[in-house]
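Here's the letter readout for the chains.
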Amino acid sequence: MPKNDLFLKALRGETVERPPVWMMRQAGRYLPEFIAIREKYDFFTRCRIAELASEITMQPIRRYGMDAAILFSDILVIPQAMNIEVEMKPNFGPYLPNPVRDQKGVDRVVVPDVSIELDYVMKAIQATKELLNDDIPLIGFAGSPWTILCYVVQGQGSKTFDQAKGFCFSNPAAAHELLQKITDTTIAYLKAKVAHGVDVVQIFDSWGGLLSPEDYQEFSMNYTQQIVNALKDMAPVIIFGKGCWFALSDMAKSGASALGVDWTCSARNARYLSGGQITLQGNFDPSRLLSPPKLIKKMVHNMIDAFGKDRYIVNLGHGILPNIPLDHAQAFIDAVKSYPHEK
Ligand code: CP3
C-alpha cells in the first residue's frame, strides 16, 4: 500500500480530504529535464532502457509531487510487439511504414508472448517501483483496441482516421479479427504489468469519439469491455475515452473503477450520464493551462466544486501540451493541494 493512497481511495469511492491529482502525459515535452534526455536518445530507446523510462517517469513527480505516477512508455509498443513496424518521427509523430489494409495484412499480425516481446516494459516497472519507494501508486496503461487499430490501419496520426474507419466499414470481418488480436495481446500485457507492480491501469481510447454511438459499441466498447473483465479483479481500471461522453452510461456499467472525461462535457452532465456513483477523472481543458496562474487556481477550485471532492480525480481532459509554462503546471497541482483550505 503506497504511503499516499488518495488516488486508490478515490478509485474505491472512499471519502477523502481533497481529491488526488495527476496529469495525462505528465512526463513530456513541457519539462526541460525531459527535453534534455530526448536530445540524447530516440523515442523507443527511452521506452526500452529501464533506467531512462523510470527516470522520465519520476521527473514530473520530483518537480510537482503528483498523487500518482504514470509509467513512461507509449500505446504503440503493442503493435510493435505484434510484428508491425512503428517509428516515432521527430516533429511528425508515429509512422507505420506497412499499415494493415486487408485480410493479408491481418494475417501477418501475431499475438506475441508479451513476457518476451515486452519484457523491457516489465523491467521499467520494476526500476520505477524502486525509485517510487512506495510513496505514490504507479499507473500502467494501454491504448484501447480501437485506438490501436486507428494507427495500425492509417499508418500515422490523422484528424479523421478515414482509412481506419473505411477498413472497419468495408471489411468488418477482418477488422474484428484484428481488434481481437490486439485485445488478446493487451489483456496479457496489462496482466503482466500488474503482476510486475503497477497499481492501477488506464485504457486510452483517444479516438473513440470519431465513432457514432452504435459503431463505438461494435468496434470499441466490446473490446474495452473484454479488457475490463479480465483486469478488474486484479487492479482498478480507468477508461478514458476522448469525445466519448455518449458512452459514459455503458462505461459506468462495465466494471471499471473510474471514467475519464474531456473538457467538452460538463461535470454535471458527466455525473448525470455516468449514473452519479462511479469515480470520474478530468477534465481541465489542456489549453486552459495557458491562463494566468491565479485564474488556473480559481478554475481548478470551481472544477472540484462542480465534480464534488469525493469519487473524483483531478486531471486534464487530455494530455498536457508542450507549450505550457512550468509555473502554470505548478499552479494546477498546487490548487488541488490547497483545496479546500485556500478556496
Ligand atoms: O503520461 C505520460 O507522461 C506517460 C507517457 C505517454 C506517452 N504516450 C509518451 C509519449 C502516454 C500515456 C502516451 C499515450 C499515447 N501515445 C496516446 C494516448 C493518449 C493521448 O494523448 O491521446 C497516443 C494516441 C499515443 C501515440 C503517440 N505517441 C502520438 C500520437 C505521439 C506523437 C504526438 C505527440 O503528442 O507527441 C507519440 C509520441 C509520444 N509519446 C511523446 C511522448 C512524451 C512525444 C514524442 C517524444 O517524446 O519524442
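Data block above holds the structure.
Residues numbered from 1 in each chain as written. Predicted model: local features only at pLDDT ≥ 70, side-chain atom pairs only at ≥ 80, totals over all residues. Heavy atoms only, no water.

Colleague: Describe unusual backbone geometry, and please don't skip the residues or the numbers.
Modeller: Between Gly282 and Asn283 the backbone carries a cis peptide bond, its omega angle lying at -15°. Secondary-structure assignment places Asn283 in strand 8 (residues 279-284). Looking along the chain, the bond that leaves Tyr339 and enters Pro340 is cis, with omega of 0°. Following the sequence through the fold, Pro340 ends up in the segment after helix 16 (326-337). For Asp134, which is not glycine, the phi dihedral falls at a positive 60°. Looking at where Asp134 falls in the secondary structure, it is placed in the loop between helix 8 (119-132) and strand 4 (138-143). (Helix = DSSP H or I, 4+ residues; strand = E, 2+ residues; numbered from the N terminus.)

Colleague: Residue-level account of the site of the ligand, with values.
Modeller: Inspection of the region around the ligand gives 23 residues, with Arg25, Ala27, Asp74, Ser206 and His318 positioned closest. With respect to the ligand, the side chain of Ser206 contributes an N or O atom lying 2.5 Å from an oxygen atom. Of all the elements in the fold, those that place two or more residues in the shell around the ligand are helix 2 (32-38), helix 3 (43-48) and strand 3 (93-95). When grouped by side-chain class, the residues that make up the shell around the ligand number 13 nonpolar, five polar and five charged. (Near = heavy atom within 4 Å. Polar contact = N/O pair within 3.5 Å; in protein donor to acceptor, adjacent residues only side chain to side chain. Nonpolar A, V, L, I, M, F, W, Y, C, P; charged D, E, K, R; others polar.)

Colleague: Tell me about the sheet that holds strand 1 (residues 69-70), and name the residues and values.
Modeller: The seven strands are arranged 1-4-5-6-7-8-9 in an open sheet whose pairing can be described as parallel. Two strands in the sheet have a free side with no partner beyond their single neighbour: strand 1 and strand 9 (312-316). Pairing of strand 4 with strand 5 (residues 200-205) involves five bridges; the strand directions are parallel. Of the residues in strand 5, the one forming a bridge with Gly140 is Val201. (Pairing = 2+ DSSP bridges.)

Colleague: Hey, could you go over the pairing of strand 4 for me, with residue numbers and the actual values?
Modeller: Note on strand geometry: in a regular strand, side chains alternate between the two faces of the sheet. Across the six residues that make up strand 4, a large majority, six, are buried. Burial along strand 4 is two-sided: the residues Leu138, Gly140 and Ala142 and Ile139, Phe141 and Gly143 are all buried. Strand direction decides the pairing type here: strand 1 and strand 4, joined by two bridges, are parallel. Each bridged residue has a counterpart across the sheet, and for Ile70 the counterpart in strand 4 is Ile139. (Buried < 20%, exposed > 50% of the residue type's maximum accessible area, 1.4 Å probe, protein only.)

Colleague: Explain the pattern of salt bridges to me, and be specific about the residues and the numbers.
Modeller: Per the stated rule, a full pass over the model turns up eight salt bridges. Two residues, Arg18 and Asp67, come together in a salt bridge whose shortest N-O distance is 2.8 Å. Taken as a pair, Arg18 in the loop between helix 1 (6-12) and helix 2 and Asp67 in the loop between helix 4 (50-64) and strand 1 lie far apart in primary sequence, 49 residues in all. The pair Arg18 / Asp67 is uniform in exposure class, with both members buried. For Asp119, the salt bridge is made with Lys123, and the minimal N-O distance between the two is 2.5 Å. With Asp119 and Lys123 both in helix 8 and four residues apart, this pair spans about one turn of that helix. By relative accessible area, which is 44% here, Lys123 ends up partly exposed. (Salt bridge = Lys/Arg side-chain N within 4 Å of Asp/Glu carboxyl O.)

Read these as spatial facts, not as claims about activity.
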